[in-house]
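# Remarks on the overall topology
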Amino acid sequence: MVEKWKKTGESVTYKGYRSVIKKTFILPNGKKADYDIIQNHSFVSIVALTEEKEILLVKQFRAGPEMVMLNLPAGYIDEGESPVDAALRELREETGHTTSEITFLKRICKPYTTVEEFVFLATNCRKTHELALDEDEFLEIIKFNLPQFRTYLRNPDNFDFDGIAAVYLALEKLHEC
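An account of the accompanying structure is given in this report. (Residues numbered from 1 in each chain as written. Predicted model: local features only at pLDDT ≥ 70, side-chain atom pairs only at ≥ 80, totals over all residues. Heavy atoms only, no water.)

## Remarks on the overall build of the protein
Cut-off, in case you're wondering: Strands are runs of DSSP state E lasting at least two residues, helices are runs of H or I lasting at least four, and both sets are numbered from the N terminus onward. With a 1.4 Å probe rolled over the protein chains alone, any residue whose accessible area is under 20% of its type maximum counts as buried; one over 50% counts as exposed, and the rest are partly exposed. We call two residues contacting when some pair of their heavy atoms lies within 4.5 Å. Using a 1.4 Å probe, accessible areas were evaluated by the Shrake-Rupley method; residue-level cover was limited to the displayed protein chains. By the counting scheme adopted, Arg and Lys are positive, Glu and Asp are negative, and His together with the chain ends is not counted. Charge positions come from single atoms, namely NZ of Lys, CZ of Arg, CG of Asp or CD of Glu.
Helix and strand content of the protein: three helices and 12 strands. Looking at the protein residue by residue over its 177 residues, the buried ones come to 37%. Excluding contacts between residues fewer than 6 apart, the proportion of contacts in the protein whose partners are at least 24 apart in sequence is 55%. Carbon and sulfur atoms form 51% of the exposed surface of the protein, whose accessible area is close to 11100 Å². In the protein, 23 side chains carry a positive charge and 29 a negative one; their mean positions are 8 Å apart.

## Some words on the nonpolar core
Convention followed: Working definition of a nonpolar core: buried Ala, Val, Leu, Ile, Met, Phe, Trp, Tyr and Cys residues. They are joined through side-chain atoms within 4.5 Å.
Counting residues in hydrophobic clusters, the biggest one holds 20 residues, and the most contacted among them are Val47, Ile55, Leu57, Leu72, Phe144, Phe149 and Phe161. For this core, the secondary-structure elements that each account for two or more residues are strand E4 (43–50), strand E5 (54–62), strand E9 (101–109), strand E10 (116–127), strand E11 (139–145), helix H2 (146–154) and helix H3 (164–173). Take this core: its biggest share by element is four residues, from H3. Counting 12 residues, the second-largest nonpolar core is a separate cluster that includes Ala48, Leu56, Ile77 and Phe118.

## Notes on the layout of surface pockets
Heads up, the rule is: Grid points spaced at 1 Å and placed over the protein atoms alone form the basis of the search, with a cavity being a set where a 1.4 Å probe fits but cannot get out and a pocket an open set showing protein on both sides within 12 Å along at least five of seven lines. Lining residues have an atom within 4 Å of a point. Grid points are joined across faces, edges and corners, and a volume is the space filled by probe spheres set on the points. Each residue is assigned to one of three groups, with Ala, Val, Leu, Ile, Met, Phe, Trp, Tyr, Cys and Pro labelled nonpolar, Asp, Glu, Lys and Arg labelled charged, and all others, Gly among them, labelled polar.
Roughly 1400 Å³ of internal volume is contained in the largest pocket. Around the largest pocket sit 39 residues that line it, and Tyr17, Arg18, Asn40, Arg62 and Tyr76 are the ones nearest its centre. Mapped onto the lining of the largest pocket, the elements with two or more residues apiece are E4, E5, strand E6 (67–71), strand E7 (74–76), helix H1 (83–95) and H3. Of the residues assigned to the lining of the largest pocket, the class counts are 17 nonpolar, nine polar and 13 charged. As for the second largest pocket, its lining consists of Lys4, Trp5, Lys23, Phe25, Tyr35, Ile37, Pro111, Tyr112, Thr113 and Thr114. Those elements giving two or more residues to the lining of the second largest pocket turn out to be strand E2 (19–26) and strand E3 (32–39). In terms of residue class, the lining of the second largest pocket is made up of six nonpolar, two polar and two charged.

## Regarding the pattern of salt bridges
As a reminder of what qualifies: Each salt bridge in this description consists of a side-chain nitrogen of Lys or Arg and a carboxyl oxygen of Asp or Glu lying within 4 Å of one another.
Taken as a whole and assessed by the stated rule, the structure comprises seven salt bridges. Arg89 is the salt-bridge partner of Glu90, the closest N and O atoms lying 2.8 Å from each other. One exposure class covers both Glu90 and Arg89, and it is buried. Among the salt bridges present, the one from Lys110 reaches Glu117, with a minimum N-O distance of 3.3 Å. A residue is classified by how much of its surface remains accessible, and Lys110, at 35% relative accessible area, is partly exposed. The structure contains a network of salt bridges with shared partners spanning Asp78, Glu81, Arg89, Glu90 and Glu93.

## Concerning empty space enclosed by the protein
Counted under the stated rule, the structure contains one cavity of 30 Å³ or more. In this structure, the largest cavity spans a volume of roughly 30 Å³. Every residue lining the largest cavity is listed: Val47, Leu49, Ile55, Leu146, Phe149, Val167, Leu171 and Leu174. Within the residue set of the lining of the largest cavity, elements represented by two or more residues are E4, H2 and H3. Class assignment for the residues of the lining of the largest cavity results in eight nonpolar, no polar and no charged.

Structure (structure tokens):
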């Protein structure tokens, strides 16, 4: 039976845009092990579909892989803000779209980070605003109809999309799997 490990220490080893925490645990075999954990804010991801059933994606450069990637509209949850309010705000800011039809799908924890991702499905999205980007956001909105997007996802040469789990949950909710 797998059980929770005993934590014996924790310290911040780097503090910047994201921080790194060193956590020390006693393993089930009695040995001590250190793990580097990325500390960051929790965020929302929105699978957004227009009234025409087009998925809204954000194309932007990502510093980790040093490449332009496709992402779902997403962003940090501000202090005191609910995940659903953050999802609606990020949808409006990053795509200029709004909706009154938003559904919480799942909270996802990542194994080597403190971050929690809150996944939402937004349907019948309409363009109502201009983009309101942060000063460090440079992006382009891309639209795919669902058949095109499913073809894109299936192509093993397309490795530039981050959000497969969220999209799967949305397609399942829409009975599109």
